[in-house]
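Take a look at the letters that make up each chain.
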Amino acid sequence: MSYLDATHNLYKEAALTPDVGLCCTTNPIWELPGLKIPKIMQEMNYGCGSTVNARDLTNAPKVLYVGVGGGMELLQFSYFSRQKGGVIGVDVVNEMLDASRKNFVEAEAQNDWFKSDFIDLRHGDALHLPVEDNSIDVAAQNCLFNIFKAEDLKKAIKEMHRVLKPHGRLVMSDPTCEQPMNDTLRNDERLRALCLSGSLPISEYVKALTDVGFGTIEIRARKPYRILDPKHYDTDELIYIESIEVAAIKDPMPEDGPCIFTGKAAIYYGEEDYFDDKKGHILLQNQPIAICDKTAQALADLNRDDIFISKSTYHYDGGGCC
């Protein structure tokens with residue numbers, strides 16, 4: 001049995017018998033006017049963050065969500081699109097698709113604006129998406145990509161890149177880990193399926209996205225998630241796992257490499273009204289501006305004594321330059 005079979009079986013059981021503790025996120029449930037999320041959807045929220053962001057969802061975008069869970073994020077995406085087939089949900093586990101369909105009936109009863117046909121549920125897997133090329137504005141996955149081993153992860157990201165329209169965005173939440181994990185943990189199929197031992201360092205996670213061709217990466221949040229300790233896991237040291245929320249945008253790849261935003265900012269505090277680096281970046285006097293890591297390094301290389309560059313906050317919410 002492959003690790004993907006083990007994952008399939010785990011989430012089949014989670015669909016048939018909801019497991020509230022399977023994944024735990026500190027994200028609050030969205031509270032929006034007229035949006036009521038059924039309790040069963042909350043119990044089946046098998047994610048590690050949120051992929052729903054209002055600023056991604058203007059102008060009724062076509063949305064794809066892979067790994068439907070109990071349908072909660074599909075309902076949240078539908079809140080913004082409100083059109084027949086506006087949201088596509090893909091899952092390889094038939095029992096999870098069936099559970100979502102039942103949950104949508106409950107959601108209709110609680111939300112007078114919602115119709116089940118807002119969501120087009122399709123059987124399929126992340127490695128072979130049943131979706132046309134260049135047809136999606138916003139694609140999303142929550143706590144799924146970390147399960148995949150390297151070659152499958154590359155295939156899954158390439159599939160998302162394929163279905164997105166130019167300048168479309170892939171919004172994700174996944175566990176990450178900066179510490180090395182031993183091979184026993186890495187090869188434990190259940191721990192990988194539980195979104196633990198497949199966690200990558202952030203730099204490797206981002207590289208997997210840019211290698212496929214995403215030209216802009218935004219790291220929007222970084223939060224504590226789990227601990228693997230020697231008392232309960234096969235490890236000699238305590239391993240700290242975080243979750244991150246990331247948007248990868250299908251922009252053309254710049255000649256000098258991708259723009260990766262990790263929450264850095266630059267502040268010019270010199271004698272002039274502004275500083276112009278002649279490369280498209282204008283810094284107004286004593287006004288912070290968000291910059292990508294590439295621009296941060298270029299400004300640092302100038303060795304000026306009137307430009308402050310902050311460290312990465314791993315929280316980027318738009319704006320700035322680049």
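Residues numbered from 1 in each chain as written. Predicted model: local features only at pLDDT ≥ 70, side-chain atom pairs only at ≥ 80, totals over all residues. Heavy atoms only, no water.

## Describing the side chain of T7
Inference 1: Considering the arrangement of structural elements, one finds T7 in helix 1 (residues 3-16).
Inference 2: Looking at T7, the relative accessible area reads 11%, which means it is buried.
Inference 3: Sequence-distant contacts of T7, defined by excluding residues within four places in its chain, comprise I147 and A193. (Helix = DSSP H or I, 4+ residues; strand = E, 2+ residues; numbered from the N terminus. Buried < 20%, exposed > 50% of the residue type's maximum accessible area, 1.4 Å probe, protein only. Contact = heavy atoms within 4.5 Å.)

## What to know about the packing of aromatic side chains
Inference 1: For the coordinates displayed, the defined rule picks out nine aromatic pairs.
Inference 2: Consider the rings of Y65 and F77, whose centres lie 6.0 Å apart with planes at 50°: the pair is tilted. With Y65 in strand 1 (residues 63-66) and F77 in helix 3 (residues 72-81), the pair connects residues that are 12 residues apart, well separated along the chain. A single burial state applies to Y65 and to F77, both of which are buried.
Inference 3: Here the aromatic rings of F114 and F118 are separated by 5.9 Å at their centres, their planes lie at 85°, and the arrangement is edge-to-face.
Inference 4: Among the aromatic residues, ring-to-ring pairing joins Y79, F80, F104, W113, F114 and F118 into one connected group. (Phe/Tyr/Trp six-rings, centres within 6.5 Å; stacked < 30°, edge-to-face > 60°.)

## A look at the pairing of strand 9 (residues 264-268)
Inference 1: Relative to strand 12 (residues 289-291), strand 9 runs antiparallel, the two being bridged by three bridges. Paired with A265 across the strands is A290, a residue of strand 12.
Inference 2: Relative to strand 13 (residues 307-309), strand 9 runs antiparallel, the two being bridged by three bridges. In the sheet register, I267 faces strand 13, and the bridge partner there is F308. (Pairing = 2+ DSSP bridges.)

## Overview of the pairing of strand 7 (residues 239-249)
Inference 1: Counting buried positions along strand 7 gives 10 out of 11 residues, so the element sits mostly inside the fold.
Inference 2: The pairing of strand 6 (residues 216-228) with strand 7 spans 11 bridges and is antiparallel. Paired with I227 across the strands is Y240, a residue of strand 7.

## Overview of the nonpolar core
Inference 1: In terms of nonpolar packing, the biggest core is built from 84 residues, with Y11, L64, F145, F148, L170 and L209 touching the most fellow members.
Inference 2: Broken down by element, the residue count for this core peaks at six residues, all from helix 8 (residues 202-212).
Inference 3: In contact with F145, not counting residues within four places along its chain, are L153, A156, I157, M160, L170, M172 and D174.
Inference 4: Formed by nine residues, the second largest nonpolar core is a distinct cluster that contains A266, F275, I289 and I307. (Core = buried A, V, L, I, M, F, W, Y, C linked by side-chain atoms within 4.5 Å.)

Fair warning: the whole summary comes from geometry, so function is off the table for now.
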